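Reading the structure
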Amino acid sequence: MQATIVAAAMLGLQMQPARADDPFLGRWAIDPAGCSIHGDTSSTAPMIVTDKTVKWFVANCLIKKSYRIGDTLALQAQCSNEGKMHIMPIGLRLVGKDRVSVTWDKTPAGEMRRCK
């Protein structure tokens, strides 16, 4: 019984909600041109992550839950996409200081660079 409580406490320490100073927040793009313009495809559009929202291509998402586990931020988001609403997972994994690997609705979406 005590081992279960200790294990649950350790897991709780590893799973923490995202904070405003989180390295995941900011503007990211697959194509560097997406940093200076709003592209109209998933590869040229920037992904903008705040502590409450994610916007990418045609999707506008409100973050409902977020957990950081190591170098990965797992989000559960309510997204509006071309007039349809649905709840979906978004995964962001840091790759070095200026890159993030994105999983969008359980599908690998590629690696993005931080816009400067």
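Here, every reference points to the structure presented above.
The sections below set out a description of the structure shown in this document. The residue count restarts for each chain, going from 1 along the sequence in the order it is written. In keeping with the predicted nature of the model, local features appear solely for residues at pLDDT of at least 70, side-chain atom pairs appear and are counted solely at 80 or more, and the whole-chain, interface and lining totals rest on all residues. Only hydrogens and water are removed before side-chain values are computed, so all heavy atoms of the structure are retained for them.

Here we look at the overall build of the protein chain
The helix and strand tally for the protein chain stands at one helix and eight strands. Note on conventions: DSSP H or I runs of at least 4 residues are helices, E runs of at least 2 residues are strands, and numbering of each starts at the N terminus. For the protein chain, the succession of helices and strands along the chain, N to C, is α-β-β-β-β-β-β-β-β. For every residue, the accessible area (1.4 Å probe, protein chains only) is compared with the maximum for its type, and the residue is labelled buried under 20%, exposed over 50%, or partly exposed between those bounds. When each of the 116 residues of the protein chain is scored for burial, the buried share is 26%. Whether two residues touch is decided by their heavy atoms; if any such pair falls within 4.5 Å, the residues are in contact. In the protein chain, once contacts between residues fewer than 6 apart in sequence are set aside, the share between residues at least 24 apart is 31%.

Brief notes about the packing of aromatic side chains
How two aromatic rings sit relative to each other is given by the distance of their centres and the angle of their planes. We call Phe, Tyr and Trp rings a pair once their centres come within 6.5 Å, taking the six-membered ring for Trp, and we label the pair stacked below 30 degrees between planes, edge-to-face above 60, and tilted otherwise. Under the criterion given, the structure shown has one aromatic pair. Note on Trp56 and Trp104: the rings are 5.1 Å apart at their centroids and 75° apart in plane angle, and the pair reads as edge-to-face. One end of the pair, Trp56, is in strand β3 (residues 53-56); the other, Trp104, is in strand β7 (residues 99-104), and 48 residues separate them in sequence. In this structure Trp56 comes out as buried when scored by relative accessible area, which is 7%.

Remarks on the nonpolar core
Counting residues in each nonpolar core, the largest one holds 23 residues, and the members touching the most others are Met47, Val54, Cys61, Ile90, Leu92 and Trp104. Elements with a minimum of two residues in this core: β2 (47-49), β3, β4 (59-69), β5 (72-81), β6 (84-94) and β7. When near neighbours in sequence (up to four residues on either side) are disregarded, Cys61 contacts Lys52, Thr53, Val54, Ala77, Gln78, Cys79, Ile90 and Trp104. Only buried residues count toward a nonpolar core, which is a set of Ala, Val, Leu, Ile, Met, Phe, Trp, Tyr and Cys residues joined through side-chain atoms within 4.5 Å.

Some remarks on the pattern of salt bridges
If the charged atoms of two oppositely charged side chains come close together, the side chains can form a pair. By convention in these notes, a salt bridge is any Lys or Arg side-chain nitrogen within 4 Å of a carboxyl oxygen on Asp or Glu. This model, assessed by the stated rule, comprises two salt bridges. With its nearest N and O atoms 3.8 Å apart, the salt bridge here joins Asp22 to Arg68. With Asp22 in the loop between α1 (2-14) and β1 (26-29) and Arg68 in strand β4, this pair connects stretches of sequence that are 46 residues apart. Salt-bridge contacts for Arg99 lead to Glu111; the nearest nitrogen and oxygen are separated by 2.8 Å. Within this pair, whereas Arg99 is found in strand β7, its partner Glu111 is found in strand β8 (residues 107-114), the two being separated by twelve residues in sequence. Judged by its relative accessible area of 35%, Glu111 falls in the partly exposed class.

Examining unusual backbone geometry
The backbone of Glu82 shows a phi angle near 55°, a positive value even though the residue is not glycine. Following the sequence through the fold, Glu82 ends up in the loop between β5 and β6. According to the relative accessible area criterion, Glu82 is exposed, its value standing at 67%.

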